[in-house]
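Structural characterization, general
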Amino acid sequence: MIQVLFKKLRMEGFLVTDFVEEYGAKHQKDQEDIIEGLDNAPDVFVNMLTGKVFGKAVVKIADL
């Protein structure tokens, strides 16, 4: 702490809760890529690796 004083450094904390309003406004609508059928799971995985999926990738295998 003495180095902070002698070098006139500034320390500042960062709390995620300080930016909740900003984050919530920008990300209100999460994007989901929903694909039906377990047979299509490999294609979804490849799309995730190549960057074609933005947001969540969901493979729907059955209706409950």
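Quantities reported herein were computed from a predicted structural model and do not represent experimental measurements.

**Description of the overall build of the chain**
Secondary structure summary: the chain contains 3 helices and 2 strands in total. Each helix (α) and strand (β) of the chain, taken in turn from the N terminus, gives the series α-α-β-α-β. For the chain, with 64 residues in total, the buried portion stands at 5%. With the model as given, the accessible surface of the chain reaches about 6,500 Å², and the carbon-plus-sulfur share is 58%.

**Re the pairing of strand β2 (residues 56–60)**
Sheet analysis places strand β1 (residues 32–36) next to β2, joined by 5 bridges and oriented parallel. Following the sheet pairing, Glu36 is matched in β2 by Lys60. For the crossover from β1 across helix α3 (residues 41–50) to β2, the handedness is right-handed.

**Observations regarding a nonpolar patch on the surface**
A contiguous nonpolar surface patch, about 380 Å² in accessible area, is contributed by Ile2, Leu5 and Phe6. Along the chain, Phe6 turns up in helix α1 (residues 2–6).

**Some remarks on unusual backbone geometry**
Positive phi values are uncommon outside glycine, yet Lys8 reaches one of about 55°. Along the chain, Lys8 falls in the loop between α1 and α2 (20–26).

**Considerations on the pattern of salt bridges**
Per the stated rule, a full pass over the model turns up 1 salt bridge. Notably, a salt bridge pairs Arg10 with Glu12, separated by 2.5 Å at the nearest N-O pair. Overall, the relative accessible area of 72% leaves Arg10 in the exposed class. Residue classification places Glu12 among the exposed positions, given a relative accessible area of 60%.

**Looking at the environment of Val53**
Positionally, Val53 belongs in the loop between α3 and β2. We classify Val53 as buried; its relative accessible area is 14%. Separated by 20 residues in the primary sequence, Val53 and Asp33 place their C-alpha atoms 6.8 Å from one another. Setting aside residues no more than four positions away along its own chain, Val53 makes contact with Asp33, Val44, Asn47 and Met48.

Rules of the game
- Residues numbered from 1 in each chain as written.
- Predicted model: local features only at pLDDT ≥ 70, side-chain atom pairs only at ≥ 80, totals over all residues.
- Heavy atoms only, no water.
- Helix = DSSP H or I, 4+ residues; strand = E, 2+ residues; numbered from the N terminus.
- Buried < 20%, exposed > 50% of the residue type's maximum accessible area, 1.4 Å probe, protein only.
- Areas by Shrake-Rupley, 256 points an atom, 1.4 Å probe, with all protein chains shown as cover.
- Pairing = 2+ DSSP bridges.
- Right-handed = clockwise from strand over helix to strand, strands pointing away.
- Patch = residues over 30% accessible without salt bridge, like charges linked within 9 Å, V, L, I, M, F, W, Y side chains within 5 Å.
- Salt bridge = Lys/Arg side-chain N within 4 Å of Asp/Glu carboxyl O.
- Contact = heavy atoms within 4.5 Å.

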